[in-house]
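Spelled out from the first residue to the last, the chains are:
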Amino acid sequence: REIAGAGGDAVLCEAVLAGGLTDEEVEDLFRDARAADYARLVEEAGSLADARRDAEAGAPPHAELEVLRRRLKETIAIDFFAAPGRREAEAAVAALEPAPREAVGGGFRAAEELRGRTWVTRRDVHVDRIASAWLVRRFVDPEARFRFVTGRRHRPAEGEVRFDMFEGEFTHEGDRCTFEVLLDRLGLDDPALRALAEIVHDVDLKDGRFGRPEAAGVARLIDGIARAHADDDARIVRGGAAFDDLYESFRAA
C-alpha cells in the first residue's frame, strides 16, 4: 500500500518451503534467533551498566550506548514473530539513557518555569511539532506563544524555547521523538499521554516500534490538516483539537 500510494508498482509473492520444514518450524527458528539477539543485548547492557558504576562516570560512553540503540532497533525490525525478550532488552537499554538534561540557556527545571515563554520551531509543522505544541498548551502553558522560523538553526532570544529543531532545548534524543522527550522531561506520567506518544513516534519516525493501530489514521488526519492549512498557527489549532479528542478517548479507555 505504501509503494502503490507513492506511485510505484508492487508485487506480492507467496513462497513454499521445500526443505522439510513446516511454517511453524521456520517461525520457531526466527523466534529463537531474535530471542538470542535480545538476550545478548541485555547481557551487554548489563556489562556497560556495571562498568559505569565501577567508574562512577554517571553515564555510559555515548558511542557504546548508540551502538546498543542501533542494534536494538535493527533487531526489532526483523523480529517478525514476536520473539521473547524484547521488553527486557528495551528496558535494559533504556536504563542506560543519561538522566534528563537541564534545558540549555533557560535554566528551568520544572514546567512552571516554562510558562510565559515563546516556543520556537521550524516552519511547515507536522505531526511531532503539532503534537508537541498541543502538549505545551494543554499541560504547561495555555497561553503559550509559538514562533516559526526558516532553517534548522535559530539563536534563541530571551524568553524563547526551541523545540524539534537543531540544538533545541526539547528535540529528538536517541530514538525518541520530541513529543516523547517533552513527556519524559516534564515528568508527565499519564497512560493516555504515553499512548499518544507511541502513536506520534510511529507516525513521525516510521519505524513501527510500537505498532500502534491508530498510527495510520492519525497520519492521514495530520496529512489532511497540513494540506488544508498552509499557516502553521492554523495547523496547531486544528491539530490540537484532534489531539484533545484523542487524549479524551485514551483517558476513557
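Parameters at a glance
Residues numbered from 1 in each chain as written. Predicted model: local features only at pLDDT ≥ 70, side-chain atom pairs only at ≥ 80, totals over all residues. Heavy atoms only, no water. Helix = DSSP H or I, 4+ residues; strand = E, 2+ residues; numbered from the N terminus. Contact = heavy atoms within 4.5 Å. Areas by Shrake-Rupley, 256 points an atom, 1.4 Å probe, with all protein chains shown as cover. Pairing = 2+ DSSP bridges. Axes fitted to C-alpha atoms, helices over the stretch in contact; angles between N-to-C directions. Core = buried A, V, L, I, M, F, W, Y, C linked by side-chain atoms within 4.5 Å. Buried < 20%, exposed > 50% of the residue type's maximum accessible area, 1.4 Å probe, protein only. Patch = residues over 30% accessible without salt bridge, like charges linked within 9 Å, V, L, I, M, F, W, Y side chains within 5 Å. Salt bridge = Lys/Arg side-chain N within 4 Å of Asp/Glu carboxyl O. Lys, Arg positive; Asp, Glu negative; His and termini not counted. Charge placed at Lys NZ, Arg CZ, Asp CG, Glu CD. Right-handed = clockwise from strand over helix to strand, strands pointing away. pLDDT = per-residue confidence, 0-100. Expected span 1.5 Å × (residues − 1). Phe/Tyr/Trp six-rings, centres within 6.5 Å; stacked < 30°, edge-to-face > 60°.

### Some details on the overall build of the protein chain
- When its secondary structure is counted, the protein chain shows nine helices and three strands.
- Going residue by residue from the N terminus, the α and β elements of the protein chain occur as α-α-α-α-β-α-β-β-α-α-α-α.
- Within the protein chain, counting contacts between residues at least 6 apart in sequence, those at least 24 apart form 65% of the total.
- Counting every atom, the protein chain has about 14,900 Å² of accessible surface; 51% of that belongs to carbon and sulfur.

### Things to note about unusual backbone geometry
- Here the phi dihedral of A82 falls at roughly 55°; this positive angle occurs in a residue that is not glycine.
- Looking at where A82 falls in the secondary structure, it is placed in the loop between helix 3 (62-77) and helix 4 (86-94).
- Unusually for a residue other than glycine, E167 sits at a positive phi of about 65°.
- Relative to the helices and strands, E167 is located in the loop between strand 3 (160-162) and helix 6 (178-185).

### Brief notes about the sheet that holds strand 2 (residues 145-149)
- In space, the three strands of this open sheet follow the order 2-1-3, with parallel pairing throughout. Only two strands of the sheet have a single partner each, and these edge strands are strand 2 and strand 3. In this sheet, adjacent strand axes meet at a mean angle of 30° when their direction is disregarded.
- Bridge count for strand 1 (residues 118-122) against strand 3 is three bridges, and the pairing is parallel. Following the sheet pairing, W119 is matched in strand 3 by V161.

### So, the nonpolar core
- Membership of the largest hydrophobic core comes to 38 residues, with the highest contact counts inside it found for W119, W134, F146, F179, L196 and F243.
- Every element with two or more residues in this core is listed here: helix 5 (127-139), strand 2, helix 6, helix 7 (191-205), helix 8 (215-228) and helix 9 (232-252).
- At eight residues, helix 7 tops the list of elements feeding residues into this core.
- The residues touching L196, leaving out its near neighbours within four places in the chain, are W134, F179, F243, L246, Y247 and F250.
- Listed in part, the 14 residues of the second largest apolar core include L41, L65, L72 and A89.

### Side note on a negative patch on the surface
- Taken together, the side chains of E14, D23, E24 and E25 define an acidic patch exposed on the protein surface.
- Mapped onto the elements, E24 comes out in helix 2 (residues 23-55).

### Regarding the pairing of strand 2
- As defined by bridge partners, strand 1 adjoins strand 2 across five bridges and the pair is classed as parallel. The residue bridging T121 from the neighbouring strand is F148, located in strand 2.
- As for the winding sense of the linkage, the β-α-β connection from strand 1 through helix 5 to strand 2 is right-handed.

### Section: the confidence of the model for the protein chain
- Residues with a pLDDT of 70 or more make up 90% of the protein chain, whose mean pLDDT is 87.
- Ignoring residues within four places in sequence, the model shows residues 100-107, a span with pLDDT below 50, making 15 contacts including any to other chains.

### Observations regarding helix 5
- For helix 5, built from 13 residues, the straight-helix expectation of 18 Å at 1.5 Å per residue is met to within 8% by its first-to-last C-alpha distance of 18 Å.
- Most of helix 5 is tucked away: 10 of the 13 residues are buried.
- Within helix 5 the residues assigned to the buried category are V127, D128, R129, I130, A131, S132, A133, W134, L135 and V136.
- On its buried face, helix 5 is in contact with strand 1, strand 2, helix 6, helix 7, helix 8 and helix 9.

### Observations regarding the packing of aromatic side chains
- Throughout the structure, instances matching the rule amount to nine aromatic pairs.
- A centroid spacing of 5.9 Å and a plane angle of 75° characterise the contact between F30 and F80, whose relative ring orientation is edge-to-face. In this pair, F30 sits in helix 2 while F80 sits in the loop between helix 3 and helix 4, placing the two residues 50 residues apart along the sequence.
- Overall, the relative accessible area of 32% leaves F30 in the partly exposed class.
- You can call F80 exposed: its relative accessible area is 53%.
- The interplanar angle of 70° and the centroid separation of 6.1 Å between the aromatic rings of W119 and F163 together place this pair among those described as edge-to-face. One end of the pair, W119, is in strand 1; the other, F163, is in the loop between strand 3 and helix 6, with 44 residues separating them in the sequence. Assigned by exposure class, W119 and F163 land together as buried.
- In this structure an aromatic cluster arises from ring pairing among W119, F146, F163 and F170.

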